[in-house]
2 protein chains.
Amino acid sequence: MADINVSQPPHANAADPDPAAAGAAVPRPQTDLIELLFFAYRNFVSDPDKVLQGFGFGRAHHRVLHFVNRHPGMRVTDLLDILRITKQSLGRVLRELVDGGFVDSRAGSSDRRQRLLYLTPKGATLARDFVAIQSQRIERALAACSPGAREDVRRFLVAMIDPEDQAAAEKLIARADQAALSGGQRPGKAPARPR
Amino acid sequence: MADINVSQPPHANAADPDPAAAGAAVPRPQTDLIELLFFAYRNFVSDPDKVLQGFGFGRAHHRVLHFVNRHPGMRVTDLLDILRITKQSLGRVLRELVDGGFVDSRAGSSDRRQRLLYLTPKGATLARDFVAIQSQRIERALAACSPGAREDVRRFLVAMIDPEDQAAAEKLIARADQAALSGGQRPGKAPARPR
DNA sequence: GAAAAAAGTCAACATGGCTGACATAAATGT
DNA sequence: ACATTTATGTCAGCCATGTTGACTTTTTTC
């Protein structure tokens, strides 16, 4: 498993008056967090990646599955706003997901230009698997922290978002949670996952 | 600026007996953090992206600049272990960085098969710019949190890494900090680039 | 009835991953 | 001394996913 391991050559340390090393890392305050974010995020997305490979899908498909799962009946435009990619890019993965029977796209009833996006049961299962996998990693990480850490982490992540988008992001999350709770789909079918 | 804004169509809520929407978003515990990580990380890497565009470079170049800056004199193999990409992928961006005068690659003195990587002053300036930009975002985010949050966030990020890599990642960060402190280069001095 | 909006599509291109096959130089082991 | 291994580099091609630009169809809105 390819250890992250730099064999610092002896002459690169204090003894060498090496000028080419000049201007190198002044240990700026946040360097540790910068690198940890890189390593952590890489591992974080690698979990779904492994599963996706089995379907011939990639990260782009994961994102679509996730957000359609969270916002059933959303418009294509809404998805484009969230993902911030072009409709051509989205079109490709969306077509593959529809062809594969993971996503269902139906014309809106009030506005029939719209294609409203839903997951099929197959797609929903996959999307829930991904949430489960990544939640597991997050839960494990939080378990290694002090009890109040979750709120700190949450606030930190919100504040890492561009300020002008923070409110929208929080609202988006809240609305999806709300919709899911209020039986966004089929009042009879138990969401079965309280908490 | 493309508000993240899903217009939840009315019929997507309780009224629609839609079977395709079945099994949709159960509000799993960590969904908020999953999505926040996505939004936060996207913005986090977008800062350097903008600067890199001006040089015709991409994210891959950023990573190389960053880690060579942090570990002056590192071997190509070390960089491959950190980035976990193939040498062919690295080779491309490395060549461009050397050609552009951002990275300097010199044969090792003890083992002359090795190419030891250093940043030129030009490269070091760019690398430091990136650290500054991203540190600024992190500092702003931390300022929005409780005082003890930094330690929580740090521990959280470490724990988000694959367990078998956590120690190596922390060691890597510590070693780079250490090397920088022990005068790999004199602080504050913009050294000429001899040799 | 004209204009705007929602969605889709074709074509071409860029970036940055990947595999496989080799080539070269230098160090190491026998 | 020679064989092997290691460190690096390189060519060629493929894949996933992003981009621009141009254009169409359908439907809604003014």
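Look up: the structure comes first, before these words.
For clarity, every value in this text was computed on a predicted model and none was experimentally measured.

Q: Got a sec to walk through the overall build of chain A? Specific residues and values, please.
A: The secondary structure content of chain A amounts to seven helices and three strands. The N-to-C order of helical and strand elements in chain A reads α-α-β-α-α-β-β-α-α-α. Taken over 195 residues, chain A has a buried fraction of 52%. Sequence separation of at least 24 residues holds for 53% of the intrachain contacts in chain A that already meet a minimum separation of 6. Here chain A has roughly 8900 Å² of accessible surface; of this, 54% comes from carbon and sulfur atoms.

Q: Got a sec to walk through the protein's contact with DNA strand D? Specific residues and values, please.
A: Of all residues adjacent to DNA strand D, which total 23 residues, the nearest are A:S89, A:R92, B:T77, B:K87 and B:R113. Each atom of DNA strand D within 4 Å of the protein was classed as base or backbone; sugar and phosphate made up 53%. Between DNA strand D and the protein, one listed contact pairs a base oxygen with a side-chain N or O atom of B:K87 at 2.2 Å. When contributions to the surface near DNA strand D are tallied by element, the ones reaching two or more residues are α2 (59-70) and α4 (87-99) of chain A together with α3 (76-83) and α4 (87-99) of chain B. It is α2(A) that contributes the most residues to the surface near DNA strand D, four residues altogether. Partitioned by chemical class, the residues of the surface near DNA strand D number three nonpolar, nine polar and eleven charged.

Q: Could you give an account of the side chain of B:N43, with specific residues and numbers?
A: Inspection of the secondary structure puts B:N43 in helix α1 (residues 31-53). Within the structure, the side chain of B:N43 is placed 2.8 Å from the backbone nitrogen of A:D162, a separation counted as a polar contact.

Q: So what's going on with the protein's contact with DNA strand C? Which residues, and what values?
A: Lining the immediate surroundings of DNA strand C are 23 residues, of which A:T77, A:K87, B:R63, B:T86 and B:R92 lie closest. Within 4 Å of the protein, the contacting atoms of DNA strand C are 56% sugar and phosphate, with bases supplying the remainder. Contact between DNA strand C and A:R115: a phosphate oxygen at 3.3 Å from a main-chain N or O atom of the residue. For DNA strand C, a phosphate oxygen lies 2.6 Å from a polar atom in the side chain of B:R63. Of all the secondary-structure elements, those providing two or more residues to the surface near DNA strand C are α3 (76-83) and α4 of chain A together with α2 (59-70) and α4 of chain B. Ranked by residues supplied to the surface near DNA strand C, first place goes to α2(B) with four residues. A class-by-class count of the residues in the surface near DNA strand C yields three nonpolar, nine polar and eleven charged.

Q: Account for the packing of α3(B) against α4(B), with residues named and values stated.
A: Each pair of packed helices can be summarised by the angle the axes make with each other and by the distance between the axes. Residues and elements named next belong to chain B. Where α3 contacts α4, the two axes come as close as 10 Å, and the packing angle between them is 110°. Taken together, the axes of α3 and α4 lie roughly perpendicular to each other. Crossing hand, α3 versus α4: right-handed. The residues of α4 that touch α3, namely those facing V76, L79, L80 and L83, are K87, L90 and L94. Its residues placed into classes, the contact of α3 with α4 shows six nonpolar, no polar and one charged.

Q: Please give an account of α2(B) that cites residues and values.
A: Residue and element names in this part refer to chain B. Relative to the 16 Å expected for twelve residues at 1.5 Å per residue, α2 spans 17 Å between its end C-alpha atoms, a close match to the ideal helical length. Of all twelve residues that make up α2, nine are buried, and the element is covered over most of its length. Of the positions making up α2, those classed as buried are H61, H62, V64, L65, H66, F67, V68, N69 and R70.

Q: Lay out the sheet that holds strand β1 (residues 74-75) of chain B in plain terms, naming residues and giving numbers.
A: All names here are of chain B. Reading across from one edge, β1-β3-β2 is the order of the three strands in this open sheet, with antiparallel pairing throughout. On the outer flanks of this sheet lie β1 and β2 (103-107), each paired with one strand and no other. Both β1 and strand β3 (residues 115-119) contribute to a ladder of two bridges, which runs antiparallel. By the bridge assignment, M74 is partnered in β3 with L117.

Criteria and thresholds
Residues numbered from 1 in each chain as written. Chains lettered and ligands numbered in written order. Predicted model: local features only at pLDDT ≥ 70, side-chain atom pairs only at ≥ 80, totals over all residues. Heavy atoms only, no water. Helix = DSSP H or I, 4+ residues; strand = E, 2+ residues; numbered from the N terminus. Buried < 20%, exposed > 50% of the residue type's maximum accessible area, 1.4 Å probe, protein only. Contact = heavy atoms within 4.5 Å. Areas by Shrake-Rupley, 256 points an atom, 1.4 Å probe, with all protein chains shown as cover. Near = heavy atom within 4 Å. Polar contact = N/O pair within 3.5 Å; in protein donor to acceptor, adjacent residues only side chain to side chain. Nonpolar A, V, L, I, M, F, W, Y, C, P; charged D, E, K, R; others polar. Axes fitted to C-alpha atoms, helices over the stretch in contact; angles between N-to-C directions. Parallel < 35°, antiparallel > 145°, perpendicular 65-115°, else oblique. Left-handed = near helix turned anticlockwise from the far one by under 90°. Expected span 1.5 Å × (residues − 1). Pairing = 2+ DSSP bridges.

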